[in-house]
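The chain contents come next:
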Amino acid sequence: MKVNLVPRPWRGSGYFHMAVDELLWRRGEGIWLRFYRFDPIAITVGYNQKLDNIDLNRIKNYGIDVVRRPTGGRAVFHSGDLTYSLVVPRYDRFWGGSPIAVYQRIGSMFLLTLKKLGLDVKFENSRRGAGRHFSCFASISQYELTFKGKKILGSAQRRGDKNILAQGSLLVDPPAVDPRKVMDDPDFPCWAINTLAERKVEMTEIVDAFKEVLNNHGFSIEEVDLPEDIVKQAYVCVKDYRLS
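Quick look at the structure, then. All values reported here derive from a predicted model rather than from experimental measurement.

**Focus: the packing of helix 1 (residues 14-27) against helix 7 (residues 228-237)**
Part 1: For the pair helix 1 and helix 7, the least separation of the axes is 8 Å and the interaxial angle reads 125 degrees. By the criterion of interaxial angle, the relationship of helix 1 to helix 7 is oblique. In the packing of helix 1 onto helix 7, the handedness of the crossing is right-handed. Counting all contacts with helix 1, which are made through F16, A19, V20, L23, L24 and R27, the residues of helix 7 involved are D229, I230, V231, Q233, A234, Y235 and C237.

Given below as structure tokens:
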């Protein structure tokens, strides 16, 4: 099985990344995997998430974009995290299945990846935490990953007739700006692997280890550029994801 891995661009605006992910999902030709970061810093919110009691002007004054994701779930503060997106056929024998089956498969692949790097991460089997909090990382759901008791991987999905789009973020480095100040919320999650681990883990290490895990599961990886027409369409569509 072939995975189209897009190694670049590592950095881009949240609006651009969300547009690319949705366009790849709608096109749905094969399996596509991207790893990327946000520049400038952004907060993405779930497709149906309400913005009640969120001060968009306050966030904008910090120079932070607020972006609507094509997937569900709750808000993620993108600074210091490594974000992935995965587009797969809905009935793929390895990746497909029910929503919970997809979360389980993705979580298990990241579990193996991080264990390769010597991190004692754990697979959660139950839900706990602040279920109504604005942030995705304030609560833990089944098949999400924790490290030293803190949730470090959050994921969300969008499902179509033919394809599944999964997006998620791995908290690797501490954020450049304290989200507790940005959100005026002392309980807003603010941790990362590299504030908890005994050694610094590089994002390139994580991507390389994930590729090894894919190879071990019988996948062949082809590093490809984004299709030019997808890039052009994404720049046209960025306004559709803008909330601030």
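**Some thoughts on the sheet that holds strand 4 (residues 42-45)**
Part 1: Strand order across the open sheet formed by three strands is 5-4-6, with mixed pairing between neighbours. Across the chains shown, the open sheet's two edge strands, defined by having one partner strand only, are strand 5 (65-68) and strand 6 (76-78). Averaged over neighbouring strand pairs, the angle between their axes works out to 25 degrees when direction is ignored.
Part 2: In terms of strand pairing, strand 4 meets strand 5 through four bridges, oriented parallel. When the sheet's bridge partners are listed, V45 is paired in strand 5 with R68.

Parameters at a glance
Residues numbered from 1 in each chain as written. Predicted model: local features only at pLDDT ≥ 70, side-chain atom pairs only at ≥ 80, totals over all residues. Heavy atoms only, no water. Axes fitted to C-alpha atoms, helices over the stretch in contact; angles between N-to-C directions. Helix = DSSP H or I, 4+ residues; strand = E, 2+ residues; numbered from the N terminus. Parallel < 35°, antiparallel > 145°, perpendicular 65-115°, else oblique. Left-handed = near helix turned anticlockwise from the far one by under 90°. Contact = heavy atoms within 4.5 Å. Pairing = 2+ DSSP bridges.

Everything listed is a geometric property; what it means functionally is a separate question.
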